[in-house]
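Analysis of the macromolecular model
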Amino acid sequence: MNKTIYLRMDDVGASSKIYEQYSKKLRGLANFYFLKRLPYFKAWGPYDELSAVDWSSIGDILVKYNAKITVGVTATWVNKHGNLIPYNLMYPESYAVLYSLVEKNIVQIACHGLTHCVLDRNCFLPRLFSSNRSSHREFWDWLPYSLHYEHLSKSKYLLESIFNCSVDLLIPPGNVFSDKTIDAAHKLGFTSINCNTSIQSPKINIFGNENIHAFHDREVKIYGLSWFKNLIAAYHSDGYAFDIIS
């Protein structure tokens, strides 16, 4: 029996990797000031974006094992002033290598939002004494429909323009989305939403992570390229074939 696994890497291009700072240690007391940034205490950021060298090595590993991967890209980087910088301008060298992998049909680009975070009143920035995790989810139901539509429209346009491909799959940051997101995505031509969910809709194909190995660029940066290679090698040795998410 043929077995297929779908690899999915999220958070590429997302500034949440810098600004999403919180800790689960000491029952959350480690969210105090600088503690949440220390290696022992931190639960998420900060960590570095994947470099051009990283992407080149990822490409080599994918080719070696005849593998493919879906990459959830956040279309713009949010700087500390709230300005939005498209991925290709923020990380031109990484973008160039990733673009080449898309051209080779071993990487599928999915939309992982426009900002990955809530921009209102700069609430995405780290806080002195508490977690800001909830501010790094882009499509909360309490946000206006116009924002859902605008962010999806801009992110789809940007990603399709810079990668010269169709972007039909939405991966909502943090698995957070609502009927507003669904309706806007449907109207804008997205065909599917994939994340850790059991929600269904007659408007758009929504599916969970069955047969999908979802992870973040953080794992590659924290644990190294050997982690990524071992992940793929393990599936390969178990007889799995790799494909992009459709």
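Details of the structure are given in the entry above.
Summary of the structure given here.

Quick notes on the rules
- Residues numbered from 1 in each chain as written.
- Predicted model: local features only at pLDDT ≥ 70, side-chain atom pairs only at ≥ 80, totals over all residues.
- Heavy atoms only, no water.
- Axes fitted to C-alpha atoms, helices over the stretch in contact; angles between N-to-C directions.
- Helix = DSSP H or I, 4+ residues; strand = E, 2+ residues; numbered from the N terminus.
- Parallel < 35°, antiparallel > 145°, perpendicular 65-115°, else oblique.
- Left-handed = near helix turned anticlockwise from the far one by under 90°.
- Contact = heavy atoms within 4.5 Å.
- Nonpolar A, V, L, I, M, F, W, Y, C, P; charged D, E, K, R; others polar.
- Expected span 1.5 Å × (residues − 1).
- Polar contact = N/O pair within 3.5 Å; in protein donor to acceptor, adjacent residues only side chain to side chain.

Between helix α2 (residues 52–64) and helix α8 (residues 225–237), the least distance of the axes is 10 Å, while the angle of their chain directions is 15 degrees. Between α2 and α8, the interaxial angle falls into the category roughly parallel. The two elements α2 and α8 meet at a crossing, and its hand is right-handed. Between α2 and α8, the residues in contact are Asp-54, Ser-57, Ile-58, Ile-61, Leu-62 and Lys-64 and Leu-225, Phe-228, Lys-229 and Ile-232, respectively. Its residues placed into classes, the contact of α2 with α8 shows 6 nonpolar, 1 polar and 3 charged.

End to end, helix α5 (residues 145–163) covers 27 Å across 19 residues, agreeing with the expected 27 Å (1.5 Å per residue, within 8%). Just downstream of α5 lies Asn-164, where phi reads positive at about 55 degrees.

The next point concerns the side chain of Ser-201. The topology assignment puts Ser-201 in the loop between β7 (192–194) and β8 (205–207). Reaching out from Ser-201, the side chain makes a polar contact with the backbone nitrogen of Lys-203 at a distance of 3.1 Å.

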